[in-house]
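Reading the structure
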Amino acid sequence: MMSERRSADQGAVNMQDSSIAAAANLASQTGAGSRQPGARRGPLAGVRVADFCWMGVGACATRLLADFGAEVIRIEDRNRLDMPRRLPIYKGEARTYGEEDANPDPNKGGLFNNYNRNKLGVTINMRDPRGRALADRLISASSVVTENFAPGVMERWGLVYERLNQLSPGVIFARMSGFGHSGPHAEYRSYGPVVQAVSGISHISGLPGQEPSGWGLSYMDNEAAFFNASALLTAIYHRNITGVGTEIDVSAVEAGINLLGPIMLDVAVNGRSTRGPDYPTGNRLEHPQAAPHGVYPCLGEDRWIAIAVFDDAEWQGLLAVAGDREWTRDPRFASQAARFANQDALDAHIADWTRSQDRHALMHALQAKGVAAGAVQTTEDTIDHDPQIAGRGLFFEMDHPVIGEALFEGTPVQFSRTVQENWRSAPLLGEDNAHVFKTLLGVPDDEYETLAAEGVI
Amino acid sequence: MDMQRPAGLPHPLTGLTVVELAEDPAGEYVGRLLAEMGARVIKVEPPGGSPSRAVGPFAKGQSGPDASLNFWFYNSNKASVTLDLAGRDGLAPLKALLGRADIFISTLQPRALAALGLDLESLTEAFPRLIVLSVTAFGLTGPWADYKSSDLIALAAGGPLNSCGYDDHSIPPIRPGGNQGYHSAASFAHIAVMLALLERQKSGLGQLLDVSMHEACAVNVELANPYWFYPKVQVKRQTCRHAQPSPTQPALFRCADDRFVYFVLIVAEPKAWQALVQWMDGKGMAAQLTEPEFSDVAYRQANFDQIQELVECFFLVHGSDEMYKEGQAAGLPIGVLNAPEDLFADEHLVARGFFVDVEHEGVGAVPYPGAAYRFTNFAEVPRTAAPKLGADTAAVLAEVASEAGAPHKTTETV
C-alpha cells in the first residue's frame with residue numbers, strides 16, 4: 001500500500017532475461033513441471049484477472065484466486081519493482097528487511113515467490129501510451145481487474161470503473177486501500193502497522209498500564225487480503241447469476257475495526273473505557289473468567305506454553321498433571337471465581353511449575369487430561385515439526401528457476417471436491433510476456449519485438 | 001467514486017439457506033458474514049442456548065442468554081431455533097432442516113460429532129448439494145483433532161503469538177486482543193464456502209470443507225513464514241512493531257495527551273527525511289536537523305540516536321491527533337493508536353457512514369461496525385439484532401413441516 005517506488009537498473013533487467021533462459025533450461029532438463037501456462041482447473045477456471053496489485057495485501061488476495069483456477073496476470077513495472085521482489089528474504093542470508101540491496105535480483109526474493117505462486121507475470125510500462133494501450137487490451141480480455149495502489153494512480157491512467165466496464169462489460173473492479181476510496185482520509189498513506197494502529201487493534205493488545213504490545217506482524221495486510229478475496233468471490237458468484245459486475249471498495253481500517261470483536265460493543269453499549277488501568281488485559285481473559293489463562297515459561301531460551309482453564313473439571317485435569325504441591329491445595333484456588341480473583345498468585349505458582357518443563361511434553365500431558373494448552377510454536381516448529389500440520393499437508397514445495405526448491409504456505413482447508421492446483425512458483429519478471437501479449441492478445445511478432453526493444457514491456 | 005452505503009440494491013446470497021451449529025466465534029462469524037450478504041442463517045441451539053450466549057460482556061449489567069454482547073456481535077441478522085439434538089428426537093429435526101439448506105456450518109470436533117451421532121461425510125452423501133463447512137480447532141483429522149483450544153491456544157500453537165509482545169523477553173509473548181485466532185479461521189472459512197458455492201454453480205454438487213483454526217493461524221504469521229522458508233531464520237518479537245531477525249528502532253511515540261502514534265523513522269530515504277524535517281521545522285522543533293551535515297545519509301545514520309531523541313521530544317509536546325493528521329498531510333505513513341471509543345467520532349469514518357445503528361429492545365440504537373467491503377451494484381442487508389433464544393423455533397419448524405416432501409429449491413442458476 002505504500003507508494004514509494006524505486007528504480008531498478010539495467011543490470012537487474014539483464015539478470016531477469018538470463019533467468020528466463022535458465023527457467024527454459026530447467027524445464028527442458030527435468031522434463032517435468034513445464035512453466036508454460038495452460039488451461040486451469042478449479043471453481044475459478046475461466047476467470048481472467050488483470051492484476052495491478054502489488055506489495056502484500058493485493059498479492060495475498062489474488063493468490064487465493066490463482067490457487068483455485070483463475071488466470072491471474074500480474075502486471076508489473078520493470079522500473080518500479082514490487083517491494084517483495086526487493087526485500088532481502090533470500091536463501092542462506094539472514095537479513096532484516098531494511099537491509100536490502102541497491103540493485104537486487106528481482107527473481108531472487110522469497111517474499112515475492114511466496115505471494116505470487118500460480119500467477120502469470122507480465123511487464124508493462126504504464127508511462128508509455130503504447131503500454132497503456134496494451135493494458136487496455138489486456139483488460140478487455142479479462143473479466144476482473146484488481147489493484148491496491150495509493151488512491152489516484154488508477155485514475156491517472158484513466159482506469160476508473162466506468163472505463164473498465166466499457167472495455168470489459170460486466171467487469172468486477174476490486175480496489176484495496178488503507179482507508180477506502182472516499183472520505184477525508186482517503187489519501188492517507190498506510191501499511192499494515194498503520195492500519196492496525198488506526199483501527200484500534202493495536203491499542204487493545206498489551207499489558208494493563210503499559211504501552212501497547214500490539215502486533216509483531218502486518219496482520220491486517222493478511223486479513224484485508226482475505227476480506228478482499230471473499231468480496232471478489234462474492235462478486236463473481238453474483239455475476240454468475242445476474243451477469244452484473246461491480247466495483248468493490250475495501251478499506252483495511254474498516255476491516256480492522258470489524259475484527260475488534262465484542263469489546264467494540266462493550267464500549268458502544270456499556271461505555272466501557274479501554275484507556276483505564278484495567279485494559280487491555282494482557283494474556284488474561286475477562287470473558288469468560290478463565291484462570292489460569294496465560295503464557296508461562298518453559299525449559300529453554302524464550303520458550304513458553306499457553307494454558308487456558310475455563311472450569312473446575314479442567315482445573316482438576318491440570319492438578320492431575322501437576323501432582324501434589326502446596327499451591328494445589330490453596331483455598332484461594334478452590335473455585336473458578338477464586339482462581340480468577342487470585343490470578344497474580346496463581347500465575348506465579350504456575351510459572352514456577354512450568355519453568356523446568358519441556359513445552360511440548362507439557363502441552364500433550366495437559367491435553368491428555370482435557371486441558372487447553374499449546375506450546376508457543378515458532379515457524380520452525382509449525383513448518384518442520386508439527387505432526388498435526390504435517391499430516392494434513394499444509395506446507396508444500398515447488399521449484400523456482402532462480403531460488404530452487406521452496407516451501408509455500410497452503411490453504412488451511414481440506415476440500416472434498418475443490419482442487420487447489422499448484423502449477424507453478426511465482427513468475428520471473430516478465431516471464432509470461434510472450435504468452436500473454438502474443439498468444440492471448442494476438443500482438444504480432446514484429447510489434448512485440450519493438451515493444452520489448454523500446455522498453456514498453 | 002461514491003462509496004456511501006447504497007440502499008435498495010440486491011443482495012448476492014439471497015435465496016441461500018444456512019444452518020449453523022456453531023459454538024465459537026469462528027463459526028458464528030462466518031455465519032454472520034453470509035447473513036450480511038443476504039443468506040438466511042438459521043442458528044440451531046440447544047434448549048439452554050448456545051454456549052456463546054453465556055460469554056460476556058453483558059449489556060447494561062443484565063444477565064441471561066439474550067444480553068450477551070459476545071453473542072450480539074457474532075450473531076446479528078440470524079434466526080434462532082432451539083433443538084435438543086442430544087434428546088429423544090435426536091438428529092431428525094436437524095436433518096429436516098439440512099434437507100432444505102445450502103450450507104451447514106459446524107464447529108464440533110470429531111469426538112463431539114460422534115457423541116451426537118453426526119457424521120459430516122454422510123451428510124454430503126445424503127444431501128448432495130449441501131456444502132458442509134466444518135470449522136474446528138485443529139481440523140477433523142490428525143493426532144490433535146480432539147485437542148482443546150481457545151483463542152489464546154490457537155494463536156500460541158499456530159505461531160502468531162511468537163511474534164507478539166514486548167522488547168523485554170522476560171515478559172511472555174502477549175496475545176493480541178479481539179479473538180484473532182477465531183477470526184483467522186473465520187476468514188478462511190468464508191473464502192472456502194464462497195469457493196464451494198462457485199464450484200456448485202459449475203457441478204451442482206456440494207462438498208465437505210474442513211477448516212483448521214490451527215492451520216489458519218500457521219499461515220497468518222506474515223513474514224515469519226518466508227523468513228523460515230528462505231534464510232531459515234527466526235524472527236524475535238519487539239514492542240508493537242514487526243518481529244525481526246535482529247532488533248530495530250522503537251516505532252511507538254508517546255504524545256502530549258499520553259496517547260501513542262506509530263511511526264517508523266527512516267533516515268535513508270531523502271524524500272521522507274525532508275518531509276519530516278520540514279514538518280518539525282514548521283513547528284520550531286527541527287533543532288540541529290536543518291544543519292547541512294544532516295543532509296548526508298551516512299551522517300544521519302551515524303547520528304540516528306540523536307535524531308530519534310529529537311523526534312521523541314517533538315511528539316511528546318504535541319497532541320496525538322495533531323501529529324497523525326499533520327504527519328499524513330506531510331506524506332508520512334503515520335498512524336494514531338485509536339482506542340475503540342475514539343472511532344465513533346473519527347471524521348473519516350463518519351463521512352463514510354461506517355458505523356450502522358442496530359436497534360436493541362430496552363437499550364436503544366447501538367452503533368455496530370459496518371461491513372468491511374462496499375459494492376456499487378449490490379449491498380449487504382440492513383443489520384438486525386441477534387435473535388433472542390429460540391425466537392424462530394415455532395415458525396421455522398412449522399415451515400419445515402408444511403414443506404415436508406417438497407424438495408427445496410434455490411434461486412441459484414448459472
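So, here is what we can say about the structure in this document. (Residues numbered from 1 in each chain as written. Chains lettered and ligands numbered in written order. Predicted model: local features only at pLDDT ≥ 70, side-chain atom pairs only at ≥ 80, totals over all residues.)

A closer look at the overall build of chain A
Which entries qualify depends on this criterion: Helix and strand assignments come from DSSP, with helices taken as H or I runs of at least 4 residues and strands as E runs of at least 2, each series counted from the N terminus. Neighbour counting defines burial: a residue surrounded by 20 or more other C-beta atoms within 10 Å of its own C-beta is buried, one with 12 or fewer is exposed, and intermediate counts give partly exposed, using backbone-placed C-beta atoms. We call two residues in contact when the distance between their C-beta atoms, placed using the backbone, is within 7 Å.
Assigned secondary structure in chain A consists of 19 helices and 12 strands. Referenced to the eigenvectors of the C-alpha coordinate spread, the extents of chain A come out at roughly 85 × 55 × 45 Å. Here chain A holds 457 residues, and 56% of them are scored as buried. Long-range pairs, those at least 24 residues apart, make up 71% of the contacts in chain A with a sequence separation of at least 6.

A short note on the sheet that holds strand β8 (residues 304-308) of chain A
Residues and elements named next belong to chain A. Under the convention used in this document: Strands qualify as paired when DSSP identifies two bridges or more between them. Where helices are involved, their axes are fitted lines through C-alpha atoms of the stretch in contact, as for all axes, and angles between N-to-C directions lie from 0 to 180°.
Taking strand neighbours across the sheet as the criterion, the three strands line up as β7-β8-β9 in an open arrangement whose pairing is antiparallel. Two strands bound the open sheet, and with one partner strand each, they are β7 (293-297) and β9 (372-375). Averaged over all pairs of adjacent strands, the angle between strand axes in this sheet comes to 20°, irrespective of strand direction. Judged from the five bridges that link them, β7 and β8 form a sheet pairing that is antiparallel.

Description of the interface of chain B and chain A
The cut-off we apply is this: Residues are grouped as follows: nonpolar covers Ala, Val, Leu, Ile, Met, Phe, Trp, Tyr, Cys and Pro; charged covers Asp, Glu, Lys and Arg; every other residue, Gly included, is treated as polar.
Chain B puts 134 residues into the contact, and the matching count from chain A is 134 residues. Per-element tally for the side of chain B that touches chain A: the top contributor is helix α7 (residues 180-203) of chain B, with 15 residues. Taken together, the residues that form the side of chain B that touches chain A break down as 75 nonpolar, 42 polar and 17 charged. Summarising the sheet, strand β12 (residues 413-415) of chain A and strand β6 (residues 207-212) of chain B pair through three bridges and their orientation is antiparallel. Considered in β6(B), the bridge of V413(A) is made with V211(B).

Let's talk about the packing of helix α6 (residues 151-158) of chain B against α7(B)
All names here are of chain B. Keep this limit in mind: Angular relationships are summarised with four words: roughly parallel below 35 degrees, roughly antiparallel beyond 145, roughly perpendicular across 65 to 115, and oblique for the angles in between.
Remark: α6 packs on α7, axes separated minimally by 7 Å, with the N-to-C direction vectors making an angle of 75°. As far as their axial angle goes, α7 and α6 are roughly perpendicular. Here α6 contributes D151, A154, L155 and G158 to the contact with α7, which in turn contributes Q180, G181 and Y182.

A closer look at the packing of helix α1 (residues 25-36) of chain B against α7(B)
Residues and elements named next belong to chain B. To keep things clear, this is the line we draw: Helix crossings fall into two classes, left-handed where the near helix is turned counterclockwise from the far one by less than a right angle and right-handed where it is turned clockwise.
Direction vectors running N to C along α1 and α7 enclose 45°, while the axes themselves pass 8 Å from each other. Comparing their axes, α7 and α1 come out oblique. The handedness of the crossing between α1 and α7 is right-handed. Judged by residue contacts, P25, A26, Y29, V30 and L33 of α1 engage Y182, H183, A185, A186, A189, H190 and V193 from α7. Classifying every residue of the contact of α1 with α7 by side-chain character gives 10 nonpolar, two polar and no charged.

Things to note about α6(B)
Burial analysis of α6(B) places eight of its eight residues in the buried class, which makes it a mostly covered element. D151(B), L152(B), I153(B), A154(B), L155(B), A156(B), A157(B) and G158(B) are the residues of α6(B) that are buried. Looking at the buried positions of α6(B), the neighbouring elements they touch are β7, β8, β9 and α16 (379-385) of chain A together with α7 and α8 (213-218) of chain B. Phi turns positive, to about 120°, at G159(B), one or two residues after α6(B).

Looking at the pairing of β8(A)
Residues and elements named next belong to chain A. Summarising burial for β8: five of the five residues are buried, a large majority. Residues W304, A306 and A308 point to one face of β8 and I305 and I307 to the other, with burial holding for every one of them. Between the antiparallel neighbours β7 and β8 lie six residues, among them G300 with a positive phi of about 110°. Taken together, the four bridges between β8 and β9 define a ladder with antiparallel strand orientation. Looking at β9, one finds that I305 is bridged to A375.

From the geometry alone we can't say anything about function, so treat these as descriptive.
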